[in-house]
Amino acid sequence: MKTKFFIAGFLLVTAGYYWAGCNDTIDSIGINMKPEEDKIAVFDTTLNIDGRTIRVDSLYAKSINGLLGQFQDPVFGGLKADYVCEYYPALGFSLDSIIGESGQEIDSVLLQIIYTSYVGDSLAPMEVSVYPVNVPLQKDYYTDIDPSQFCDMNRLWGRKAYTARNLNISDSLNLVSSYKMVSVPLSREWGQSCLDEYRKPNHGQFTPADFTRFFPGTYIASTFGSGCILQVENTEIDIYYTRLYTTQGSSGQDSIYQSPSMAVLNVTKEVVQLNNYKGLNDDHLLEQNDSMMYLKSPAGIFCEILIPLNEVKQTLGSRKFNNVRLSIEAYPKEDRDYVLNFPGLGTSNTVTQTRPKLLLIEPDSVKSFFEERKYADGQTSFYTTFDASAYAYTFDNISNVIQNAIDKGVQKDYLSLYLIPVDVSYYLYYDSYSYSSYPVDNGTAHYLLPSAVTLKKGGNQLEIQIIATDLEKK
């Protein structure tokens, strides 16, 4: 523990004036001019703290975005991801006239998995399988779901082998297109059942209010391959058909046209998507380690920061906190075989208006914080981002949460705080005085993209710097 004391006073300097006959020494001004009872003692010390890697059972993941696939990292182990989802009838059928082949009115049905990016090997052979949901989904958005509770796993609806890079199109088109798709063929008979329902009076149950009763949804499962995870932006089912329609020309004669059309079922915010994430071969991260701790998302592997309350109280005495700074260094990439990006980089996604950060929060507050989409208040929860120049995550002032624990008389040896990768949504606030805009945080979700980092601990690697003030007493 390193400790410093110094006295803060006021030094008054007259500038540009000289009074004849005065004593121009400064013995009677500055610190000596300040009343003894008003002198402020500033106390500066550094305390070693501890930390460890923990795993939580599940994450709160209410989102229409998801992950699909399986990936193995040489340091952090693997991750397997898939999801169960309902659908919203975004576009119905046009029924003036529908034609088809071999007595079928529906041409084809495709389930489209739309993704923008991926983690891992773009050429890794992967497989996705689709199973129909047979019971209504519960609005429990935690990631420890068992898909077999909702689906008949013996009833395969569709299957498709794929690679993240579409080998059927040129390299130039792969680079140009930001949105890519994995298309899984489904049965035309099921598409026909949708059309038959739509033809009923008032479209039967093919309506936004009733559709999930007619069709409870699908389980999109990763069933083969290890090496790639897709970042899924949306999932939809396209039901293709051909229709005839009639138009009247300028001559007054009717013309009959044939046109390809489709009805679309989308996963939207109005319906339920349950994300299923499983960490694989990563139990070694939880083993006791004197020099390292780990963060891994979205596998629910967090860091627990342990601040010794009794030692803090003994060191602080009757003083009050002015500032408590926590800095956590990361192991450089060249020292660790990193494949995944670091969490908490703070880079803005202007499409979704989110920024990845790290959250520091008390364990008892985690559930309500994410379910209610709160944001860090600087009192009981705090944000930071990775500082590439210092190669560290630094929380500039966490004094409030420690002072609150002391004021409440918390009878624990350690104050526990969780370090969690998060995605923070924001809006742009326009300042009419400076004629500029700046982001304002307005909600927090777990960071649901693959990321990981190894953090330093042990010895003097993990510390808090405390600055406190107190009135000197005679």
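Small disclaimer: the values here were computed from a predicted structure and weren't measured.

Overview of the overall build of the protein
Then comes step 1: For the protein, the helix and strand inventory stands at six helices and 26 strands.
Then comes step 2: Residue burial in the protein is summarised as follows: out of 474 residues, 46% are buried.
Then comes step 3: For the protein, restricting intrachain contacts to residue pairs at least 6 apart in sequence, the fraction spanning at least 24 positions comes to 80%.
Then comes step 4: Just so you have it, the protein exposes about 24500 Å², and 49% of that area is on carbon and sulfur atoms.

Observations concerning a nonpolar patch on the surface
Then comes step 1: Side chains of Tyr427, Tyr429 and Tyr438 sit close together on the surface and give an oily, nonpolar patch of about 300 Å² of accessible area.
Then comes step 2: Mapped onto the elements of the fold, Tyr429 is located in strand 23 (residues 414–431).
Then comes step 3: By relative accessible area, which is 39% here, Tyr429 ends up partly exposed.

Considerations on the side chain of Glu236
Then comes step 1: Structurally, Glu236 is set in strand 13 (residues 228–248).
Then comes step 2: Among buried Asp, Glu, Lys and Arg side chains, Glu236 stands out as unpaired, with Lys160 the closest opposite charge at 14 Å.
Then comes step 3: If we skip the residues at most four places from it in the chain, Glu236 touches Tyr87, Leu110, Leu111, Gln112, Ile114, Val264, Leu265 and Asn266.

A look at empty space enclosed by the protein
Then comes step 1: Enumeration over the complete set of coordinates arrives at one cavity of 30 Å³ or more.
Then comes step 2: In this model, the largest cavity occupies a volume close to 50 Å³.
Then comes step 3: As for the largest cavity, its lining consists of Phe71, Gly77, Gly78, Leu79, Lys296, Ser297, Pro298, Leu340 and Pro450.
Then comes step 4: Breaking the lining of the largest cavity down by element, the ones donating at least two residues are strand 5 (77–85) and strand 16 (292–297).
Then comes step 5: Here the residues of the lining of the largest cavity sort into five nonpolar, three polar and one charged.

Looking at helix 4 (residues 309–316)
Then comes step 1: Taken as a whole, helix 4 has its buried residues at Leu309, Val312, Thr315 and Leu316. Here the buried residues of helix 4 occupy an arc of 135° about the axis, which is enough to place them on one side.
Then comes step 2: Once helix 4 finishes, Gly317 follows within two positions and takes phi at roughly 65°, a positive value.

Let's talk about the environment of Glu105
Then comes step 1: Considering the arrangement of structural elements, one finds Glu105 in the loop between strand 7 (98–99) and strand 8 (106–120).
Then comes step 2: Residues Glu105 and Leu195 lie 90 residues apart in sequence; the distance between their C-alpha atoms is 8.6 Å.
Then comes step 3: Apart from the residues within four sequence positions on either side, Glu105 is in contact with Ile98, Ile99, Gly100, Gln192, Leu195, Arg199 and Tyr241.
Then comes step 4: A polar side-chain atom of Glu105 sits 3.3 Å from a polar atom in the side chain of Gln192.
Then comes step 5: Within polar-contact distance, the side chain of Glu105 engages the side chain of Arg199 at 2.6 Å.

Parameters at a glance
- Residues numbered from 1 in each chain as written.
- Predicted model: local features only at pLDDT ≥ 70, side-chain atom pairs only at ≥ 80, totals over all residues.
- Heavy atoms only, no water.
- Helix = DSSP H or I, 4+ residues; strand = E, 2+ residues; numbered from the N terminus.
- Buried < 20%, exposed > 50% of the residue type's maximum accessible area, 1.4 Å probe, protein only.
- Contact = heavy atoms within 4.5 Å.
- Areas by Shrake-Rupley, 256 points an atom, 1.4 Å probe, with all protein chains shown as cover.
- Patch = residues over 30% accessible without salt bridge, like charges linked within 9 Å, V, L, I, M, F, W, Y side chains within 5 Å.
- Salt bridge = Lys/Arg side-chain N within 4 Å of Asp/Glu carboxyl O.
- Lys, Arg positive; Asp, Glu negative; His and termini not counted.
- 1 Å grid on protein atoms, 1.4 Å probe; cavity = no way out; pocket = protein on both sides within 12 Å on 5 of 7 lines; lining within 4 Å.
- Points joined across faces, edges and corners; volume = space filled by probe spheres on them.
- Nonpolar A, V, L, I, M, F, W, Y, C, P; charged D, E, K, R; others polar.
- Arc of directions from axis to C-beta.
- Polar contact = N/O pair within 3.5 Å; in protein donor to acceptor, adjacent residues only side chain to side chain.

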